[in-house]
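Spelled out from the first residue to the last, the chains are:
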Amino acid sequence: MKKLHLLCAVAVIAVLLSGCAEMNRAPAPAPSASPVLDRILSRGELKVGMSGDMPPLNMLNKQDKIIGLDADLAAMMADAMGVKLNVQKIAFSGLLPALESGSIDMIISNMTMTPDRNLKVAFVGPYFTSGKGLLTKNSTLSQAQKFEDINNPKFTFVALKGSTSEAVTRAGAPQAKLVTVGTENEGVQMLIDGKADAMLADFPICVVAAYRNQGSGLVPVAAPLTYEPIGIAVPKGDPQLLNWLENFLRSVEKAGYMKDLGEKWFAKPTWVDQLK
């Protein structure tokens, strides 16, 4: 009986000591309500992914620096946050994987806000609206006004891999042959070399490509094929960052800065001489 009483006493003491340890232990930190924004501010750096080959929104100059409307918008954003800007050049098809892995904080790279992409990441915007066009040397395709005009097996199209241009071409012209490329510069060269009949891309990209390759016979066609809302992609699960971005875009729009950027990069193409 004495042994039993002794065991009970030891058990009680153990429970009491355990309770004291629990009371003295510091509570576990609560998970951040804004993990991406906290990461940006604690690091003092905003990492933005851009493909660098979608003029005039983002493109490389002769010093291999990304310039364009997207780059200017990212710089304004970093300045408003009080952090440094770190632009990461990533192939367009690798942008979403980079965002989902956490190697970049957001994507500002002429990315259309599609329902499929929105299932994987969050979007804010649009900060710009565009539409598809054709770049071609083919006189028949230069008159195209609807998908029925281009849905023919005799045509070979080229489009950026993983882009809405690829998806639109597959859906709208399934009978045509489609070749996907890593960059739109590769697609333009295929047209010049006669390896494809046309490239489907955002219309501003078609215009710039034709301007940069004068004498090649390339013609940009403003076919009313799609509506493209361009937005900023961020990881899921950070409502404060979404709120910050929404307010930021609203402020720069109301202040007239987006209009200024549009005029700088679309109405006054003096930047073309800066390109490689």
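Residues numbered from 1 in each chain as written. Predicted model: local features only at pLDDT ≥ 70, side-chain atom pairs only at ≥ 80, totals over all residues. Heavy atoms only, no water.

Points about helix H4 (residues 92-101)
1) Next: Within the sequence span of H4, burial applies to Phe-92, Leu-95, Leu-96, Ala-98 and Leu-99. Each buried residue of H4 lies within a common arc of 160 degrees when the element is viewed along its axis, so the set occupies one face.
2) Next: Looking at the buried positions of H4, the neighbouring elements they touch are strand E1 (45-50), strand E2 (53-54), strand E6 (106-112), helix H5 (115-118), strand E9 (156-160) and strand E13 (228-234).
3) Next: A positive phi of about 90 degrees marks Gly-102, the residue just after H4. (Buried < 20%, exposed > 50% of the residue type's maximum accessible area, 1.4 Å probe, protein only. Helix = DSSP H or I, 4+ residues; strand = E, 2+ residues; numbered from the N terminus. Arc of directions from axis to C-beta. Contact = heavy atoms within 4.5 Å.)

Overview of unusual backbone geometry
1) Next: Of note, the amide linkage connecting Pro-55 to Pro-56 takes the cis form, showing an omega dihedral of 0 degrees.
2) Next: Within the fold, Pro-56 resides in the loop between E2 and strand E3 (58-60).
3) Next: For Asp-64, which is not glycine, the phi torsion reads 60 degrees and is therefore positive.
4) Next: Along the polypeptide, Asp-64 turns up in the loop between E3 and strand E4 (66-67).
5) Next: For Asn-110, which is not glycine, the phi torsion reads 50 degrees and is therefore positive.
6) Next: Counting through the fold element by element, Asn-110 comes out in strand E6.
7) Next: Owing to a relative accessible area of 5%, Asn-110 belongs among the buried residues under this scheme.

Some words on the pairing of E6
1) Next: Counting buried residues in E6 gives seven out of seven residues, a clear majority hidden from the surface.
2) Next: Two elements, E1 and E6, share two bridges in a ladder whose sense is parallel. Considered in E6, the bridge of Val-48 is made with Met-106.
3) Next: Bridge analysis of E6 against E13 gives three bridges, and the strand direction is antiparallel. Looking at the pairing, Ile-107 lines up with Ala-233 of E13. (Pairing = 2+ DSSP bridges.)

Let's talk about the confidence of the model for the chain
1) Next: A residue-level look at the chain finds 88% of positions with pLDDT of 70 or above and a mean pLDDT of 87.
2) Next: pLDDT under 50 marks residues 1-17. Its contacts with residues more than four places away, or in other chains, come to zero contacts. (pLDDT = per-residue confidence, 0-100.)

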